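# Understanding the architecture of this molecule
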Amino acid sequence: MSKAFCEKPFHTKDDPASGCFEAIAAEEFCLVDKKGSIRASLGVNEDGQPRLLFFDKNEKLRISFCVEDEQLGIELLDENEKTRAALGLGDNGQPSLLLLDKDEKVHASLEMGEDGGPGLDLYDKDGELRASLSLFRDDDLPHMVLVDKNGQRRNVSGLESEAQPFLVLYDKDGEVSDMLGEVLDEGSA
């Protein structure tokens, strides 16, 4: 049997009774290439939270797996070490995927809502919400909202609980200017 598959319990260098080591205790492990460049690191951050980091050949951080404030996260970073995509669990315990620009501003967010329904939010270059598409878990019906550059809803559309489509148009002040279909619940518009 190979020494890598020793019987449990684990033994450390301080307990060499079995002649092999299954666990090595340290605060950080670094993987280096033949030139001595760090390519990966497994360790804990200042708060004692675990993290696994991967670096490119220039020792630039490119992928990060971590636990922050008891939340899991994965980040993909560009060659300038800017986060461009992030996958994690939100405060509500639901998964989310964020797509960011080179300045680390979020431009797209795909999330599961607190009610368990999926949602897609799109943001402009200034990070302001411009469009939202979602399915509410209680009725599984799609709803879409378009927002102008001043943050005012300009269009809301979807299906009401009786599967009747509706479209509500708003003026620049956020007041209803036109409505197609019958909106049964003002809260959905």
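It should be noted that the structure appears before, not after, this text.
Residues numbered from 1 in each chain as written. Predicted model: local features only at pLDDT ≥ 70, side-chain atom pairs only at ≥ 80, totals over all residues. Heavy atoms only, no water.

Before going further, it helps to spend a moment on the overall build of the protein chain. Looking only at helices and strands, one finds zero helices and 14 strands in the protein chain. Its helices and strands taken in sequence order, the protein chain reads β-β-β-β-β-β-β-β-β-β-β-β-β-β from the N to the C terminus. Expressed as a percentage of its 189 residues, the buried residues of the protein chain come to 27%. Once local pairs closer than 6 in sequence are excluded, the contacts in the protein chain between residues at least 24 apart make up 3%. Summed over all atoms, the accessible surface of the protein chain reaches about 13000 Å², with 54% contributed by carbon and sulfur. (Helix = DSSP H or I, 4+ residues; strand = E, 2+ residues; numbered from the N terminus. Buried < 20%, exposed > 50% of the residue type's maximum accessible area, 1.4 Å probe, protein only. Contact = heavy atoms within 4.5 Å. Areas by Shrake-Rupley, 256 points an atom, 1.4 Å probe, with all protein chains shown as cover.)

As a further point, take a nonpolar patch on the surface. Residues Leu87, Leu97, Leu99, Leu110, Leu120, Leu122, Leu133, Met144 and Leu146 make up a contiguous nonpolar surface patch of about 690 Å² in total accessible area. If you trace the backbone, Leu110 turns up in strand β8 (residues 106-112). (Patch = residues over 30% accessible without salt bridge, like charges linked within 9 Å, V, L, I, M, F, W, Y side chains within 5 Å. Salt bridge = Lys/Arg side-chain N within 4 Å of Asp/Glu carboxyl O.)

Moving on: the packing of aromatic side chains. Across all of its chains, the model carries one aromatic pair by this definition. For the pair Phe54 and Phe65, a centre-to-centre distance of 6.1 Å together with 75° between the ring planes defines the contact as edge-to-face. Taken together, the residues Phe54 in strand β3 (residues 50-55) and Phe65 in strand β4 (residues 61-68) connect sequence positions eleven residues apart. (Phe/Tyr/Trp six-rings, centres within 6.5 Å; stacked < 30°, edge-to-face > 60°.)

This part takes up unusual backbone geometry. A positive phi angle is found at Glu59, which is not glycine, with a value near 60°. With respect to the secondary-structure elements, Glu59 resides in the loop between β3 and β4. Even without a glycine there, the phi angle at Glu104 is positive, about 65°. Positionally, Glu104 belongs in the loop between β7 (95-100) and β8. The exposure class of Glu104 is partly exposed, given its relative accessible area of 35%.

What follows covers the pairing of strand β6 (residues 83-89). On any regular strand, side chains alternate: one points to one face of the sheet, the next to the other face. Across five bridges, the pairing between strand β5 (residues 71-77) and β6 is antiparallel. Residue pairing across strands places Ile74 opposite Leu87, the latter belonging to β6. Hairpin connection between β5 and β6: a loop of five residues separates the two successive antiparallel strands, and Glu81 in this loop has a positive phi of roughly 60°. Relative to β7, β6 runs antiparallel, the two sharing five bridges. Considered in β7, the bridge of Ala85 is made with Leu99. In sequence, β6 turns back onto β7 through a hairpin of five residues, with Gly93 there showing a positive phi of about 80°. (Pairing = 2+ DSSP bridges.)

A side chain with one charge can pair with a side chain of the opposite charge if their charged atoms come near. This structure, assessed with the given rule, holds four salt bridges. Its salt-bridge partner being Asp33, residue Arg39 comes within 3.8 Å of it at the nearest N-O pair. Residue Asp33 is classed as partly exposed on the basis of its relative accessible area of 23%. One salt bridge connects Arg84 with Asp78, and the closest N-O pair in it is separated by 3.4 Å.

As a further point, take the pairing of strand β1 (residues 28-32). Pairing analysis gives five bridges linking β1 to strand β2 (residues 38-44), with the strands arranged antiparallel. Bridging across to β2, Glu28 finds its partner in Gly43.

Once that is clear, we can look at the side chain of Ser64. In this fold, Ser64 is placed in strand β4. Take Ser64: its relative accessible area is 7%, and that puts it in the buried class.

Another point: the side chain of Ser109. The residue Ser109 is located in strand β8 in this model. A distance of 2.8 Å separates a polar atom in the side chain of Ser109 from a polar atom in the side chain of Glu111. In contact with Ser109, not counting residues within four places along its chain, are Leu97, Leu98, Gly119, Leu120, Asp121 and Tyr123. (Polar contact = N/O pair within 3.5 Å; in protein donor to acceptor, adjacent residues only side chain to side chain.)

To continue, consider the environment of Arg62. Among the structural elements, Arg62 can be located in strand β4. By relative accessible area, which is 27% here, Arg62 ends up partly exposed. A polar atom in the side chain of Arg62 sits 3.4 Å from the side chain of Asp56.

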